[in-house]
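Coordinate inspection notes
The primary structure of each chain is shown beneath.
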Amino acid sequence: MTRKMRNSGPADRVKLSFGALAGALLVAIGLPTALLASAVVGEVSNVEVGAFGTPPNAERSALNPKNTVVRDEFLETLERGGLSVRFIDGTSFHLGGASQARIDEFVFSDDPDGQGQLVTLGEGVFRFFSNGKGGAEKIRFATATSVIGVRGTDFVVRHERDG
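Reading guide: rules and limits
For every chain, the first residue of the written sequence is number 1, and numbering continues from 1 along that sequence. In view of the model being predicted, local features appear only for residues whose pLDDT reaches at least 70, and side-chain atom pairs are presented and counted only at 80 or more, with totals across whole chains, interfaces and linings using the full set of residues. Side-chain descriptors were evaluated using all non-hydrogen atoms of the structure, hydrogens and water having been removed beforehand. A run of DSSP states H or I qualifies as a helix once it reaches four residues; a run of E qualifies as a strand once it reaches two. Both are numbered from the N-terminal end. Partly exposed residues are those whose accessible area sits between 20% and 50% of the maximum for their type, while under 20% is buried and over 50% is exposed, using a 1.4 Å probe and protein chains only. By definition in these notes, contact holds between two residues if any of their heavy atoms fall within 4.5 Å. Each accessible area is a Shrake-Rupley result for a 1.4 Å probe, and residues are judged covered by the shown protein chains and nothing else. Side-chain atoms alone can form a polar contact between residues adjacent in sequence; in general such a contact is a pair of N or O atoms within 3.5 Å, and within protein one must be able to donate a hydrogen while the other accepts it. Should DSSP find at least two bridges between two strands, the strands are regarded as paired. Only the contacting stretch of a helix is used when fitting its axis, a line to C-alpha atoms as for every element, and angles between N-to-C directions run 0 to 180 degrees. For Phe, Tyr and Trp, where Trp contributes only its six-membered ring, two rings pair if their centres lie within 6.5 Å, and the inter-plane angle classes them as stacked under 30 degrees, edge-to-face over 60, or tilted in between. Charge over a ring is defined by NZ of Lys or CZ of Arg lying within 6 Å of the ring centre and within 35 degrees of the ring normal. Salt bridges are defined by distance alone: a side-chain nitrogen of Lys or Arg within 4 Å of a carboxyl oxygen of Asp or Glu. By convention a nonpolar core is built from buried Ala, Val, Leu, Ile, Met, Phe, Trp, Tyr and Cys residues, the set being connected through side-chain atoms within 4.5 Å.

1. Examining the overall build of the protein
- Within the protein, the regular secondary structure consists of two helices and 13 strands.
- Within the span of the protein, comprising 163 residues, buried residues form 34% of the whole.
- Counted over contacts in the protein with a minimum sequence separation of 6, partners at least 24 positions apart contribute 47%.
- By element, 53% of the accessible surface of the protein is carried by carbon and sulfur atoms, the whole surface being about 10000 Å².

2. Section: the side chain of Thr91
- Its location among the elements puts Thr91 in the loop between strand S6 (82-87) and strand S7 (92-95).
- Of note is the side chain of Thr91, whose polar atom sits 2.6 Å from the side chain of Asp89.

3. Description of the sheet that holds strand S4 (residues 68-70)
- Spatially, six strands are ordered S4-S1-S6-S7-S10-S13 in an open sheet, and the strand pairing comes out antiparallel. Every interior strand has two partners, whereas the edge strands, S4 and strand S13 (154-159), have only one. Within the sheet, the average angular offset between the axes of one strand and its neighbour, ignoring direction, is 25 degrees.
- Two elements, strand S1 (residues 40-48) and S6, share six bridges in a ladder whose sense is antiparallel. Counted as the bridge partner of Asn46 is Ser84 from S6.

4. Overview of the packing of aromatic side chains
- A complete count under the given rule lists four aromatic pairs for this structure.
- Joined through ring pairs, the aromatic side chains of Phe87, Phe93, Phe126, Phe128 and Phe141 make up one cluster.
- Between the NZ or CZ atom of Arg60 and the centre of the ring of Phe52, over which it lies, the distance is 3.7 Å.

5. Quick word on the environment of Thr77
- Within the secondary structure layout, Thr77 lies in strand S5 (residues 74-77).
- With near-sequence residues (within four places) excluded, Thr77 lies in contact with Gly50, Ala51, Gly82, Leu83, Leu95, Gly96, Gly97, Ala98 and Ser99.
- Among the polar contacts listed, one links the side chain of Thr77 to the backbone oxygen of Gly96, at a separation of 2.5 Å.
- A polar side-chain atom of Thr77 sits 3.1 Å from the main-chain amide nitrogen of Ala98.

6. Remarks on the pattern of salt bridges
- One pass over the structure, following the stated rule, counts one salt bridge.
- Between Arg60 and Glu76 there is a salt bridge, with its nearest N and O atoms 2.9 Å apart. Taken together, the residues span a long stretch of sequence, with Arg60 in the loop between strand S2 (51-54) and strand S3 (61-62) and Glu76 in strand S5 at a distance of 16 residues.
- Taking the relative accessible area as the measure of exposure, Arg60 reaches 45% and is therefore partly exposed.

7. Quick word on the nonpolar core
- Counting residues in each nonpolar core, the largest one holds 22 residues, and the members touching the most others are Leu75, Leu83, Phe93, Leu121 and Phe141.
- Those elements that place two or more of their residues in this core are S1, S6, S7, strand S8 (100-107), strand S9 (116-121), strand S10 (124-129) and strand S11 (139-142).
- If we skip the residues at most four places from it in the chain, Leu121 touches Phe93, Gln100, Ala101, Phe126, Phe141, Ala142, Thr143, Val157 and His159.

Don't take any of this as a statement about function, it's just geometry.
This is the structure:
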């Protein structure tokens, strides 16, 4: 829906000024512009030893609980590390030690038929839990040699370098 502004009165200027001020404040506190434009798909719920995220067009950085995770973000853990992410649809995803994954697609809708996600798995151990949410069958995990469609509510995958 496009919003047209016919008469630009004082109230409209205040709204525009507030929007500009909020945007300037976010940039001033150091949030990368690319991260601001990315679609948030979840939040880090737990980090064990060490984990990193590389959002699109941004630098790799250490992840901590409450950090956001965005679409197309590359996630990785240290050898003895672990990372848990709670997606905005209530599902959760865990990477074990020395694991890598990219959140390629994420579509959330109140209608289970309109949602889905694709996560590309690198080497490592991964666990997905749907929390009984509908639409879990539209969640896919891809490796270099296969695509796994989720039909259950809880599963673990170990993907090794040789496929």
